[in-house]
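Analysis of the macromolecular model
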Amino acid sequence: MSKKRYVQVGLGGRSRMFTSAILGDFSSLAELVAICDTNQGRMDFFNRQITEGEHEAIPTYKADQFDRMIAEKKPDTVIVTTGPDATHSDYICRAMELGCDVVTEKPMTTDEVRCRKILETQKKTGRNVQVSFNYRYAPPRSQLKELIQAGEIGEVLSIDFAWLLNTSHGADYFRRWHRNRKNSGSLLVHKSTHHFDLVNWWIDDAPEEVFCHGTRKFYTPETAKQRGLEKHGERCLTCPVKEKCQFYLDITEGHFKDYYYDCEKEDGYFRDRCVFGEEIDIFDNMSVSVKYRRGAVLSYLLHAYSPYEGYRIAFNGTKGRLEHHACENTYISGDGTVPGELEKGNTSITLIREFSAPESIEVRTGTGGHGGGDPILLTDMFDPNAPADPLKRKAGTRDGAYSILIGVAAYHSIDQHKPINVDALLNGERL
Ligand SMILES: NC(=O)c1ccc[n+]([C@@H]2O[C@H](COP(=O)([O-])OP(=O)(O)OC[C@H]3O[C@@H](n4cnc5c(N)ncnc54)[C@H](O)[C@@H]3O)[C@@H](O)[C@H]2O)c1
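Residues numbered from 1 in each chain as written. Predicted model: local features only at pLDDT ≥ 70, side-chain atom pairs only at ≥ 80, totals over all residues. Heavy atoms only, no water.

Time to look at the overall build of the protein chain. The number of helices and strands found in the protein chain is 16 helices and 15 strands. The C-alpha atoms of the protein chain give a radius of gyration of 21 Å, which matches the 22 Å a tight globule of 431 residues would have. A principal-axis box enclosing the C-alpha atoms of the protein chain has dimensions of 65 × 60 × 45 Å. For the protein chain, buried positions account for 58% of its 431 residues. Across the protein chain, contacts joining residues at least 24 apart in sequence account for 75% of those joining residues at least 6 apart. Within the structure as shown, the protein chain displays about 18,000 Å² of accessible surface, and the carbon and sulfur contribution to it stands at 49%. (Helix = DSSP H or I, 4+ residues; strand = E, 2+ residues; numbered from the N terminus. Rg over C-alpha atoms; globule rule 2.2 N^0.38 Å. Buried < 20%, exposed > 50% of the residue type's maximum accessible area, 1.4 Å probe, protein only. Contact = heavy atoms within 4.5 Å. Areas by Shrake-Rupley, 256 points an atom, 1.4 Å probe, with all protein chains shown as cover.)

Here we come to the sheet that holds strand β14 (residues 359-361). Read across the open sheet, the 9 strands follow the order β14-β13-β12-β11-β7-β10-β9-β8-β15; overall the sheet is mixed. This sheet does not close on itself; its edge strands, each paired only once, are β14 and β15 (420-421). As judged from the 7 bridges shared by strand β9 (residues 285-292) and strand β10 (residues 297-306), these two strands associate in the antiparallel manner. Its bridge partner lying in β10, Val-290 is registered against Leu-298. (Pairing = 2+ DSSP bridges.)

What follows is about the sheet that holds strand β1 (residues 4-9). Here 6 strands make up an open sheet; going across it, the order is β3-β2-β1-β4-β5-β6 and the pairing parallel. Of all the strands in the sheet, just β3 (60-62) and β6 (129-131) have a single pairing partner and so form its edges. Direction aside, neighbouring strands of the sheet carry axes that sit 20 degrees apart on average. Sheet topology note: the β1/strand β4 (residues 77-80) ladder contains 4 bridges and is parallel. Bridge pairing in β4 links Val-9 to Val-80. Packing of helix α3 (residues 66-73) onto the sheet brings it into contact with β1, β2 (30-37), β3 and β4, and relative to β2 it is tilted by some 160 degrees. (Axes fitted to C-alpha atoms, helices over the stretch in contact; angles between N-to-C directions.)

What follows covers the site of the ligand. Around the ligand there are 30 residues in total, and Asp-37, Arg-42, Asp-85, Tyr-260 and Tyr-269 lie nearest to it. Backbone polar atom of Gly-12 to an oxygen atom of the ligand: 3.4 Å apart, as the coordinates give it. Take Thr-38: an N or O atom from its side chain is 3.4 Å from an oxygen atom of the ligand. Taken by itself the ligand offers 850 Å² of open surface, and the protein chains cover 92% of this. Counted by class, the shell around the ligand contains 8 nonpolar, 15 polar and 7 charged residues. (Near = heavy atom within 4 Å. Polar contact = N/O pair within 3.5 Å; in protein donor to acceptor, adjacent residues only side chain to side chain. Nonpolar A, V, L, I, M, F, W, Y, C, P; charged D, E, K, R; others polar.)

Interface size is often expressed as the accessible area that is lost when the parts come together. Taken domain by domain, the protein chain consists of domain 1 (4-134), domain 2 (135-219 + 280-372 + 396-425) and domain 3 (221-267). When each unit is reduced to the centre of its C-alpha atoms, the spacing between domain 1 and domain 2 is 26 Å. At the junction of the two partners, domain 1 supplies 22 residues and domain 2 supplies 27 residues. Between domain 1 and domain 2 lies a buried interface of about 2,000 Å² when both sides are counted; carbon and sulfur atoms form 60% of it. Contact with domain 2 buries surface across domain 1, with Glu-112, Phe-133 and Asn-134 losing the most and accounting together for 35% of the total. For the pair domain 1 and domain 2, the interface holds 0 salt bridges. Between domain 1 and domain 2 we count 12 residue pairs in polar contact (both at pLDDT 80 or more) in total. (Domains from an automatic or database assignment. Buried area = accessible area lost by both parts, 1.4 Å probe. Salt bridge = Lys/Arg side-chain N within 4 Å of Asp/Glu carboxyl O.)

Overall, the coordinates contain 20 aromatic pairs when judged by the stated rule. Seen from their ring centres, Phe-161 and Trp-202 are 6.2 Å apart, and the 55 degrees between their planes marks the pair as tilted. With Phe-161 in strand β7 (residues 156-166) and Trp-202 in helix α10 (residues 192-203), the pair connects residues that are 41 residues apart, well separated along the chain. When sorted by exposure, Phe-161 lands in the same class as Trp-202, which is buried. Seen in terms of ring centroids, Tyr-219 and Phe-247 are 6.3 Å apart; in terms of plane orientation they differ by 85 degrees. Their pairing is edge-to-face. Linking Tyr-219 in the loop between β8 (207-215) and α11 (221-226) with Phe-247 in the loop between α11 and α12 (254-259), this pair joins segments that are 28 residues apart in sequence. Residue classification places Tyr-219 among the buried positions, given a relative accessible area of 0%. You can call Phe-247 buried: its relative accessible area is 6%. Counting every residue linked through ring pairs, the aromatic cluster contains Tyr-135, Phe-161, Trp-163, Phe-196, Trp-202, Tyr-300, Tyr-311 and Phe-315. Of note, Arg-141 hangs over the ring of Tyr-135, and the distance from its end group to the ring centre comes to 4.7 Å. Positioned over the ring face of Phe-270 is Arg-235, at 3.9 Å from the centre of the ring. (Phe/Tyr/Trp six-rings, centres within 6.5 Å; stacked < 30°, edge-to-face > 60°. Lys NZ or Arg CZ within 6 Å of the ring centre and 35° of its normal.)

A separate point is the pattern of salt bridges. A side chain with one charge may pair with a side chain of the opposite charge, provided their charged atoms come close. All chains considered together, the criterion is met by 32 salt bridges. Between Asp-374 and Arg-14 there is a salt bridge, with its nearest N and O atoms 3.4 Å apart. Here the residue Asp-374 occupies a position in helix α14 (residues 369-382), and Arg-14 occupies one in the loop between β1 and α1 (16-23), the gap between them amounting to 360 residues. Accessibility expressed as a relative area gives 5% for Asp-374, which makes it buried. The closest approach of N and O atoms between Arg-179 and Glu-279, which form a salt bridge, is 3.3 Å. Of this pair, Arg-179 sits in the loop between α7 (169-172) and α8 (181-184) while Glu-279 sits in the loop between α13 (264-267) and β9, and the two are 100 residues apart along the sequence. A residue is classified by how much of its surface remains accessible, and Arg-179, at 4% relative accessible area, is buried. Through salt bridges that share partners, Glu-208, Lys-291, Arg-293, Asp-423 and Arg-430 make up one connected network.

So, about the pairing of β8. Each regular strand shows side chains that alternate between the opposite faces of the sheet. As paired strands, β8 and β9 are joined by 8 bridges and run antiparallel to one another. In the sheet register, Val-210 faces β9, and the bridge partner there is Val-290. With 2 bridges joining them, β8 and β15 adopt antiparallel strand pairing. Bridge pairing in β15 links Glu-209 to Asn-421.

Put into structure tokens, the structure is as follows:
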């Protein structure tokens, strides 16, 4: 069987999950034929790393040579791992127009206009787009899907969902491009796309109406003042008060140095901007209410400054209640540790059938990034003979769209102080 040809756009921290899979476990099925980025330094770092091992350097193309790369390298599939998230849609659409399939990191995109363009381009070209929703694949989250799908609690009527980001990983979103809505769609899109996708998939329904309150009360200049940090700098590297700041990040060492510090002269991408900066315009408290087509209601909270990282969710059904809670290990994206690992012994699933005592369900575990989801996702992505999946975890543009449109509707709701209809964001179209 001939190998599938891949090119990858965006060679930052997250890109390695895909490149390592192609060069490693899936090298008999897949070939990385080129890489592309706005930053030559990050591509060169990648090539330095792989040529230290048994691999040859991969041809590099700057972002403005994307079309040339496709013409010369003739890939089957383009993998989009660029950040800012708002850059995804241009590559997703152009790749399809040039005859390629696409694998894209979440969020698929950041607003309704770009979302409609992706959907229209896919209709026109008939190409395949996979959105890499790794959270679905984490064993405990797949377990919840099995229990709900098996009808253990009947029809789900309501969901309470609270996600806590801590002052390590959560704070990190306020340091770089994520901190501005034009780049990330705010955490309501960048982060919550995972969570809204999980709910849409768990209950197998699509959102209809969204209302949201959002505030920024922690990552603010006022908080800096309260902590005696009012003389903070633009970034940690040159900050006059770094010695007394608990949010100080040193990017002159390890992975941060290779990926960011050594490459910043080329594009001015500072990885360590102050988490209390004036320019931040995303929320750190978000309270979202979603009504689904079949009538279920979701109450969702996202906080970005918690002392620990994790989540609690409860599904209330016509025949009982299902509760799940999990804590994640502390990490910062790109610090070289396994991201989003679930803490052992700190994850639970409880099933309470109607008129019955709570039943503790043994939680399945997995190893690897994002609660053990990353390695299973990769098999689904790169192995054409991956076993058929009764949980239907492979996600496409419909899933990508409805997961971001809840967040997009939520930020419009905050701006306009009113509920937002999700179909209206697609000009009345139902997917
Ligand atoms: N599924 C997950 O769990 C998960 C985890 C982390 C990140 N992500 C996603 O992965 C993506 C990348 O995140 P990251 O942390 O690696 O970001 P990053 O900032 O570390 O890297 C982004 C890369 O994209 C490049 N880039 C920027 N604009 C570009 C453009 N117009 N054309 C080509 N390249 C461009 C940058 O130079 C950089 O190399 C984001 O969309 C993020 O949401 C997903």
